[in-house]
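Residue-level listing of the chains:
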Amino acid sequence: MRPLQRLAATIAPVTFFSARHIRHLKALAARWRRRALFLLGGVAVGAVAVLLTLLADKAQLAFHQLLQQWRYASLVVTPAGFGLAVYLTLRFFPNSQGSGIPQAIAARELEDYGQRRALVSIRIAIGKILVTLLGLLCGASAGREGPTVQVGASIMFALGRLSPRRQPGLILAGAAAGVAAAFNTPLAGIVFGIEELSRAFELRTSGLVIGAVIAAGLTATALVGDYSYFGHTSDMLHTATEWLAVPVCGVVGGLMGGVFSRILVLLAGGLPGRIGGWIKQQPIPFAVLCGFGVALCGMASGDTTFGTGYEQIKSVLDDGTSLPWSFGLLKLAATTLTSISGIPGGIFSPSLAIGGGIGLNLGAIFTSVPVGVMILLGMVAYFAGVVQAPITAFVIVTEMTDNHAMMVPLMATALIASSASRLICPEGVYHALAKNFVKQAQSASSHQSERPPV
């Protein structure tokens, strides 16, 4: 064998293994880059969630201080704030209205990058935060958790430019991390992502989603400390008679949650006739009217229905503070008006507050059942009736109250409520509203493709 041939024979195996080793290193580097992307996004979502929480609390405090200075301020500030919020939404931040969770669901279902970007982007995230805070500053009965979901999905989607194939998984991770950081409930964030946002367990991305949720939860805990959203309660059911409260709360809360969802779905699709036409053509005056209705609800309730409802329910669970008997119904009316007005704002916290009010009212029937138990049963029943995600409902209420002794009753109540809700609204409100965003995105895309070239 010639010297050159012997040299080539010696080098060939080395070259072969080196190339394979390089490919393996590239694949490994890409895998760790994706993992780092999810973890970095989780940290960012957690930090933004804490920021939104702190600002939301300050906005609500400022509004209540205004009411202490002028009793009738809400009759002016709330309608004007609603009108301004809808104007800003339509003019500068389209697709930021409402909860934000339907937009995250729709963005996952869409495949076109431009259509997704119209629902989740940094621009929308900024608008969502600003206008949600404006709503709380003027007394809207809205939450910050739904907006946090859309903001989280938007942050992850922006990072998704570094990994285009992972965009659906990133959107899911951002949304789930938003729930986990907003409520300090990491398990509920994971369950919400599986049951409600994706409605499937995706083996390939589940580990990455869990990593993002953990990163967001740890970030929120590092910034504000470990806490239970509604404090701690150890109340539980003791006798068979007390267990009768489970089906009653499940049916009542589920039906009322179904009514609320049905109203939102009907208004989002557009009412028929002249009223529906007027609402569509005059969104700002309609928002002003809704704001005026919210102000009236607030005044009738002794100012307890303004804002998220978090403080009111927490004060009952922690300190035994009493609420007006009409709190649940007036909070339901105020939240309905806020949700159909078109301003950005979530329904998570208000739904839990409404459910707590329903539980308090039903407590007049079950006098032997502890007040804390009735509140928990009402919360999980109404929330499960709205979203029709029973596992998420009982997990999130269990984590938020740190009461694991009530897990089985809450589980049963959530299942009953979800079934009762479907009698009125066949589909959960988030997925029903998401279909509207999918249709709008596809319709806008088809109209653009039909335009003749310039």
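These numbers come from a predicted model, not from an experiment. (Residues numbered from 1 in each chain as written. Predicted model: local features only at pLDDT ≥ 70, side-chain atom pairs only at ≥ 80, totals over all residues. Heavy atoms only, no water.)

Draft legend 1. Summary view of the overall build of the protein. On a plain count of helices and strands, the protein comes out with 19 helices and 0 strands. Taken over 454 residues, the protein has a buried fraction of 54%. Residue pairs in contact within the protein that sit at least 24 positions apart in sequence constitute 81% of those at least 6 positions apart. In the form shown here, the protein has an accessible surface area of approximately 20,000 Å², with 66% of it arising from carbon and sulfur atoms. (Helix = DSSP H or I, 4+ residues; strand = E, 2+ residues; numbered from the N terminus. Buried < 20%, exposed > 50% of the residue type's maximum accessible area, 1.4 Å probe, protein only. Contact = heavy atoms within 4.5 Å. Areas by Shrake-Rupley, 256 points an atom, 1.4 Å probe, with all protein chains shown as cover.)

Draft legend 2. View of the pattern of salt bridges. Under the defined criterion, the tally for this structure stands at 3 salt bridges. Among the ionic pairs, D303 bridges to R71, the shortest N-O distance being 3.4 Å. A residue pair is termed long-range when its members are at least 10 positions apart, and D303 in the loop between α12 (283-300) and α13 (310-319) and R71 in the loop between α1 (3-69) and α2 (74-92) qualify at 232 residues. One salt bridge connects K435 with E427, and the closest N-O pair in it is separated by 3.1 Å. Exposure remark for K435: the relative accessible area of 42% places this residue in the partly exposed category. Accessibility expressed as a relative area gives 24% for E427, which makes it partly exposed. (Salt bridge = Lys/Arg side-chain N within 4 Å of Asp/Glu carboxyl O.)

Draft legend 3. Quick look at the environment of F93. Topologically, F93 is positioned in the loop between α2 and α3 (101-109). The exposure class of F93 is buried, given its relative accessible area of 16%. Note: C-alpha distance between F93 and L119 (26 residues apart in sequence) is 9.9 Å. If near-sequence neighbours (up to four positions away) are discounted, F93 is found in contact with L88, R123, G127 and V131.

Draft legend 4. Examining the packing of aromatic side chains more closely. Here the structure, examined in full by the defined rule, presents 9 aromatic pairs. Taking 6.5 Å as the distance between ring centres and 80 degrees as the angle between the ring planes, the aromatic pair formed by W278 and F286 counts as edge-to-face. Using a relative accessible area of 12% as the deciding quantity, one classes F286 as buried. Relative to F383, the ring of F348 has its centre 4.9 Å away and its plane inclined at 40 degrees; by these criteria the two rings are tilted. Note that F348 is positioned in helix α15 (residues 348-362) and F383 in helix α16 (residues 371-387), a separation of 35 residues in sequence. One exposure class covers both F348 and F383, and it is buried. (Phe/Tyr/Trp six-rings, centres within 6.5 Å; stacked < 30°, edge-to-face > 60°.)

Draft legend 5. Inspection of the packing of helix α10 (residues 245-269) against α16 at higher detail. Direction vectors running N to C along α10 and α16 enclose 40 degrees, while the axes themselves pass 7 Å from each other. By the angle between their axes, α10 is oblique relative to α16. As α10 packs across α16, the resulting crossing turns out to be right-handed. When α10 is examined against α16, the residues A245, V246, C249, G250, G253, G254, M256, G257, G258, F260 and S261 are found in contact with a partner set consisting of M374, L377, A381, Y382, G385 and V386. Classifying every residue of the contact of α10 with α16 by side-chain character gives 10 nonpolar, 7 polar and no charged. (Axes fitted to C-alpha atoms, helices over the stretch in contact; angles between N-to-C directions. Parallel < 35°, antiparallel > 145°, perpendicular 65-115°, else oblique. Left-handed = near helix turned anticlockwise from the far one by under 90°. Nonpolar A, V, L, I, M, F, W, Y, C, P; charged D, E, K, R; others polar.)

Draft legend 6. Summary view of helix α18 (residues 407-421). Here α18 is 15 residues long and its end C-alpha atoms lie 21 Å apart, about the 21 Å a rise of 1.5 Å per residue gives. Of all the positions in α18, only P409, L410, T413, A414, A417, S418, A420 and S421 are classed as buried. Projection of α18 onto a plane perpendicular to its axis shows the buried side chains occupying an angular sector of 160 degrees, all on one side. Residues of α18 that are buried sit in contact with α10, α16 and α17 (390-401). (Expected span 1.5 Å × (residues − 1). Arc of directions from axis to C-beta.)

Draft legend 7. Quick peek at the layout of surface pockets. Considering only enclosed or pocket space, the largest pocket measures out at about 1,400 Å³ in volume. L90, Q97, A268, F437 and Q440 are the residues nearest the centre of the largest pocket, which is lined by 45 residues in total. Ranked by residues supplied to the lining of the largest pocket, first place goes to helix α19 (residues 429-450) with 9 residues. (1 Å grid on protein atoms, 1.4 Å probe; cavity = no way out; pocket = protein on both sides within 12 Å on 5 of 7 lines; lining within 4 Å. Points joined across faces, edges and corners; volume = space filled by probe spheres on them.)

Draft legend 8. Structural detail: the side chain of T53. Tracing the backbone shows T53 in helix α1. Side-chain polar atoms of T53 contact the backbone oxygen of A49, separated by 2.8 Å. (Polar contact = N/O pair within 3.5 Å; in protein donor to acceptor, adjacent residues only side chain to side chain.)

Draft legend 9. Quick look at unusual backbone geometry. For D303, which is not glycine, the phi torsion reads 70 degrees and is therefore positive. Given a relative accessible area of 16%, D303 falls into the buried group. Positive phi values are uncommon outside glycine, yet Q388 reaches one of about 55 degrees. Its location among the elements puts Q388 in the loop between α16 and α17. On the basis of relative accessibility, which here comes to 6%, the residue Q388 falls in the buried class.

Keep in mind that these numbers describe shape and distance, not what the molecule does.
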